[in-house]
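Letter by letter, the chains look like this.
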Amino acid sequence: MNTEAYSVSVSPHIRTSEDTRSIMLDVIIALIPAIVGSVYFFGWRALVMTAVSAASAVFFEWLYRKLMKKPSSIGDLSAVVTGILLAFCCPVTMPYWMLIAGNAVAIIIVKQLYGGIGKNFMNPALIGRAFMLSWPAAITRWTAVFEPVKVIGGNADAVSTATPLAELSLSALPENYDLLGMFLGKMPGCIGEVSTALLILGALYLLVRKIISLRIPLAFIATVAILTYIFPRGNDALRWMACNLLSGGLVLGAFYMATDYVTSPCTKTGQLIYGVGCGLLTVFIRYFGASPEGVSYAILIMNACSWLLDKIGRPTRFGAKTLKAKEGSLK
Amino acid sequence: MPGKFFGGVHPAQNKSDSAKKEIRTPRSPEIVVIPMSMHVGAQCRPLVGKGDYVALGQIIGDSDAPVSAPIHASVSGTVVAVEARPHPSGSRVLSVVIANDFKDTPAGDPDVRTDVSDLSPESIADIIRSAGIVGLGGAAFPTHAKIRSGLGKVDTVIINGAECEPYITSGYRGMLENGDELLGGARIFRKIYGLESVTIAIEDNKADAIRHLKRLLPSSDNSIRIISLKTRYPQGAEKQLIQTVTGRQVPPGGLPADVGCAVFNTDTAAAVYRAVYNGVPLTQKVVTVAGSAVASPVNLRVRIGTPFSELFSACGGFKETPRKIVMGGPMTGLAQHDLSAPVIKGTNCILALSDHECGRAVSERACIRCGRCIEACPMRLMPMLMYAYEQKGDLDELEKLNVTDCIECGCCGYICPGRLHLVQSFKTGKKKLAEKRAKEAAR
């Protein structure tokens, strides 16, 4: 019998079917409702932006690995997710070249220079977005929904308008938007962030597939809810709170960015503290910051704390309670 | 106080192919290769030489060490060699090779007992030792040594029928076909420790085995409690089973006896019964032969020392070329490269796994910090961090993360979407750590 034929390795000899690629594919599937919604609210340009962004993210990942003579990693689909999320936090008027530049920063500087997937300590898409704030006018040029911007060419004729979040930052309750409309996504904003309904639909898929747990998003959103309810501006605390939850990138950030495995804590306790920290910082920046939006910086700051939070959240080793009881009985 | 063990995973069971069929006894092999090391503890010294005639059940190897167990001839015939031969561990181990004369000439009249009420715990342990019995669930710790270390400490005996590893059904078939012996063995353990009752714990994927054993038990008999456990891997690991059944946690570096528990496999209990009542030493094993490369998965009752190749032939050979041959379950078993390695006392399963069963390959193995390994770890460790420090060679940090607590159950490696070789890393890490500590102690 040919004994050379058998592969020999350490156990376990079977593996779950879930791998990095299938997880990323699930995240992409979960983002599809919001992509469809972005086309509905902002026109075809939103879809083209998302596609350009995803394609450029994959291109930069491929290019870097090729130049560095490392095995290609585009098959894990993580670059696609980064690209989609980066497009999601841009207004539909954003010039394509800026989006591509943002992806170059996200993939090459934030992700690959640190060693590729799993090694970066900050969320690539969010740093990409932070970088794109180098063009402050472009990234805050909001257009009203249902007024599509041309897919190619000039967007100078697009009429700029204020988002509900901008109104909130002036301590005013947005008057022109009803809560249901905001929940569905009928408001100006970044292409992927407006529809809470569609984002939650995708998040439900991720929860059912056990890709994410509720710990981070729930702790995040609940913290924002409690703080905005306790410290309302205006005379309607409940409406103030609801507008804060529904506007800006809170739901997108809480379910799709704060939950990024690589940059968030891995322990249960760590995740809860992290979620609360994201909520605290979001409200802090929204209330006292110069720009209306606080979600992305809140997440980035908490990204930097993940390592520490995992130290705090480290589970108690099996049998420790027996050791403790024994030491107690010896005294 | 029943509890629930931490973590765990739910791999596909893959038990149905072999579970339905009765245990078959194939023709005994021409040659048996009996290694002098088939248990945890000291290796045995061969007591026979080339050319000697040996009888079935004759002691052919023994040791004076407290943790060891004698080894018996599993066939009668002539010793043709005493030399190093391939062993399931992957190395070559001193073995007694016997050419079978197919007469099964017994070594003498067996010590048959009908009443064991006068036997002291020590004398029962002696009988168990002389029958060569070790933990048959796979760990192969000498049973007499386990019994002795627990005398005066144990208030709970658990008979382990979890059989939580995928594919393996040898224990399940044993429960169905040798239920009376199993219950008899359980009563012997009850007597050894002077307990009111013992517990038989079985996972609920073996509901008919639970029903069968309950039927065998007279309704007035309160000495044996049979409980059903919700199926989850690694429920049958000693520490996890104790936690599930009693809620107690064996302390780090400790033994079950430290929390008043003793755990014995169902097959071990049946073997103890046969040794004590019938005077039968351990010379046979029921082995599940399965995996999708096997033509007809089944359970075989074979002589210890039978080469693996004979077991596969008895199941119709391979229907496709296996990618891996594994002794034991797929979560903790040992990959084999040489099919001339024999069935040993701890062998309860051999698998021939095809490509598709071993999991899809990934372009690059990378941790994505998903945290699934932390959630799955039944010992509450942080596998992803342990891996990072082991790769970095930082043994002090590795020790601080309690790598020595790792039971190598494979949950982390099974669940890892980045396909890291986690268990391999921890085995290596533990070894390096032990070497480093030994060096420090020597200085």
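Residues numbered from 1 in each chain as written. Chains lettered and ligands numbered in written order. Predicted model: local features only at pLDDT ≥ 70, side-chain atom pairs only at ≥ 80, totals over all residues. Heavy atoms only, no water.

Draft legend 1. Representation of the overall build of chain B within the structure. Summing up its helical and strand segments, chain B has 14 helices and 16 strands in all. For a compact globule of 443 residues, the expected C-alpha radius of gyration is about 22 Å, and chain B comes in at 22 Å, within 12% of that figure. When the 443 residues of chain B are sorted by exposure, 59% land in the buried category. Considering only intrachain contacts with a sequence separation of at least 6, the fraction spanning at least 24 residues in chain B is 74%. (Helix = DSSP H or I, 4+ residues; strand = E, 2+ residues; numbered from the N terminus. Rg over C-alpha atoms; globule rule 2.2 N^0.38 Å. Buried < 20%, exposed > 50% of the residue type's maximum accessible area, 1.4 Å probe, protein only. Contact = heavy atoms within 4.5 Å.)

Draft legend 2. Representation of the overall build of chain A in the model. On a plain count of helices and strands, chain A comes out with 16 helices and 0 strands. For 331 residues, the compact-globule estimate of 2.2 N^0.38 gives 20 Å, and chain A sits close to it at 22 Å. Along the first, second and third principal axes, the C-alpha set of chain A runs to 75 × 60 × 30 Å. Counting only residues that meet the buried cut, chain A has 55% of its 331 residues in that class. When contacts within chain A are restricted to residue pairs at least 6 apart in sequence, those whose partners lie at least 24 apart make up 75%. Accessible surface computed for chain A: about 14200 Å², of which carbon and sulfur atoms make up 69%. (Areas by Shrake-Rupley, 256 points an atom, 1.4 Å probe, with all protein chains shown as cover.)

Draft legend 3. Broad picture of the pattern of salt bridges. Following the criterion strictly, the structure yields 28 salt bridges over all chains and no others. The salt bridge involving arginine 372 of chain B is made with glutamate 18 of chain A; its shortest N-O contact spans 2.8 Å. You can see arginine 372 of chain B sitting in helix 10 (residues 372–376) and its partner glutamate 18 of chain A sitting in the segment before helix 1 (20–42), one on each of two chains. A salt bridge links aspartate 310 of chain A to arginine 369 of chain B, with the shortest nitrogen-to-oxygen separation between them at 3.5 Å. One end of the pair, aspartate 310 of chain A, is in helix 15 (residues 306–313); the other, arginine 369 of chain B, is in the loop between strand 16 (349–353) and helix 10, on a second chain. By the burial criterion, aspartate 310 of chain A is buried, and arginine 369 of chain B matches it. Three or more residues are tied together by salt bridges with common partners; here these are Asp396, Glu399, Lys436, Arg437 and Glu440 of chain B. (Salt bridge = Lys/Arg side-chain N within 4 Å of Asp/Glu carboxyl O.)

Draft legend 4. Looking closely at the nonpolar core. In this structure, Phe220, Tyr256 and Ile299 of chain A are the most contacted members of the largest nonpolar core, which totals 83 residues. Ranked by residue count, the leading element in this core is helix 1 of chain A, at 10 residues. Ignoring sequence-local partners within four residues, the contact set of isoleucine 299 of chain A consists of Leu126, Phe220, Gly253, Met257, Ala258, Tyr274 and Cys278 of chain A. Membership of the second largest hydrophobic core comes to 80 residues, among which are Val116, Leu136, Ile226 and Leu339 of chain B. (Core = buried A, V, L, I, M, F, W, Y, C linked by side-chain atoms within 4.5 Å.)

Draft legend 5. Molecular detail of the packing of helix 1 of chain A against helix 2 (residues 44–67) of chain A. Residues and elements named next belong to chain A. Taken N-terminus to C-terminus, the directions of helix 1 and helix 2 make an angle of 140 degrees; their axes are 6 Å apart at the nearest point. Taken together, the axes of helix 1 and helix 2 are oblique relative to one another. Contact residues: Ile35, Ser38, Val39 and Phe42 in helix 1; Trp44, Ala46, Leu47 and Thr50 in helix 2. Partitioning the contact of helix 1 with helix 2 into residue classes produces 6 nonpolar, 2 polar and no charged. (Axes fitted to C-alpha atoms, helices over the stretch in contact; angles between N-to-C directions. Parallel < 35°, antiparallel > 145°, perpendicular 65-115°, else oblique. Nonpolar A, V, L, I, M, F, W, Y, C, P; charged D, E, K, R; others polar.)

Draft legend 6. Quick peek at the side chain of threonine 322 of chain A. Here threonine 322 of chain A shows up in helix 16 (residues 320–330). When residues no more than four places from it in sequence are discounted, the contact partners of threonine 322 of chain A are Gln249, Pro251 and Val259 of chain B.

Draft legend 7. Fine view of helix 6 (residues 207–216) of chain B. All names here are of chain B. Taken as a whole, helix 6 has its buried residues at Ala209, Ile210, His212 and Leu213. Projected down its long axis, helix 6 carries its buried residues within an arc of 165 degrees, all on one side. The elements touched by buried residues of helix 6 are helix 4 (170–177), helix 5 (179–193), strand 9 (198–203) and strand 10 (224–229). (Arc of directions from axis to C-beta.)

Draft legend 8. Representation of empty space enclosed by the protein in the model. Residues and elements named next belong to chain A. For the structure shown, the criterion picks out 7 cavities of 30 Å³ or more. In this structure, the largest cavity encloses a volume near 340 Å³. Lining the largest cavity are 24 residues, and of these Met24, Val81, Tyr256, Asp260 and Tyr261 lie nearest its centre. Going through the elements one at a time, helix 1, helix 3 (78–88), helix 5 (124–132) and helix 12 (250–257) are the ones with two or more residues in the lining of the largest cavity. (1 Å grid on protein atoms, 1.4 Å probe; cavity = no way out; pocket = protein on both sides within 12 Å on 5 of 7 lines; lining within 4 Å. Points joined across faces, edges and corners; volume = space filled by probe spheres on them.)

Draft legend 9. Geometry of the sheet that holds strand 6 (residues 77–86) of chain B. All names here are of chain B. Spatial ordering of the open sheet is given by 1-7-6-3, a layout of 4 strands whose pairing is antiparallel. Single-partner strands in this sheet number two, and they are strand 1 (31–35) and strand 3 (53–54). The sheet contact formed by strand 3 and strand 6 spans 2 bridges and is antiparallel. By the bridge assignment, valine 54 is partnered in strand 6 with glycine 77. (Pairing = 2+ DSSP bridges.)

Draft legend 10. Focus on the environment of alanine 30 of chain A. All names here are of chain A. By the element assignment, alanine 30 lies in helix 1. By relative accessible area, which is 2% here, alanine 30 ends up buried. Through-space distance from the C-alpha of alanine 30 to that of alanine 304 is 26 Å; in sequence the pair is 274 residues apart. Contact partners of alanine 30, with chain neighbours within four places excluded, come to Gly202, Tyr205, Leu206 and Tyr256.

Draft legend 11. Spatial organisation of the interface of chain B and chain A. Contacts between chain B and chain A engage 74 residues on the former and 48 residues on the latter. Interface of chain B and chain A: buried area, both sides summed, is about 5100 Å²; carbon and sulfur atoms make up 56% of it. If you sort the residues of chain B by the area they bury against chain A, Gln249, Ile368 and Arg369 of chain B come out on top, with a joint share of 14%. Taken together, the links from chain B to chain A amount to 22 residue pairs in polar contact (both at pLDDT 80 or more). Put simply, the parts of the chain that give the side of chain B that touches chain A at least two residues each are helix 7 (238–246), strand 14 (324–327), strand 15 (334–336), helix 10, helix 11 (383–392), helix 13 (411–415) and helix 14 (422–442) of chain B. (Buried area = accessible area lost by both parts, 1.4 Å probe. Polar contact = N/O pair within 3.5 Å; in protein donor to acceptor, adjacent residues only side chain to side chain.)

Draft legend 12. Highlighting the layout of surface pockets. Its boundaries defined by the atoms lining it, the second largest pocket holds a volume of some 1200 Å³. Considering the residues around the second largest pocket, the lining is formed by 42 residues, among which Lys210 of chain A together with Gly371, Arg372, Glu375 and Ala376 of chain B are closest to the centre.

Draft legend 13. A look at the domain arrangement of chain B. All names here are of chain B. In terms of domains, chain B is made up of domain 1 (110–278) and domain 2 (372–442). With centres defined by C-alpha atoms, the gap from domain 1 to domain 2 works out at 31 Å. Each side of the interface is counted separately: domain 1 has 6 residues, and domain 2 has 6 residues. Roughly 470 Å² of surface becomes buried between domain 1 and domain 2 when both sides are summed, with 62% attributable to carbon and sulfur atoms. Remark: the boundary between domain 1 and domain 2 carries 0 salt bridges. The class makeup of the residues in the side of domain 1 that touches domain 2 is 4 nonpolar, 1 polar and 1 charged. (Domains from an automatic or database assignment.)

Draft legend 14. Broad picture of the side chain of glutamine 112 of chain A. Along the chain, glutamine 112 of chain A turns up in the loop between helix 4 (96–111) and helix 5. Non-local contacts of glutamine 112 of chain A, meaning those with residues more than four positions away in its chain, are made with Glu61, Tyr64, Arg65, Ser73 and Ile107 of chain A.

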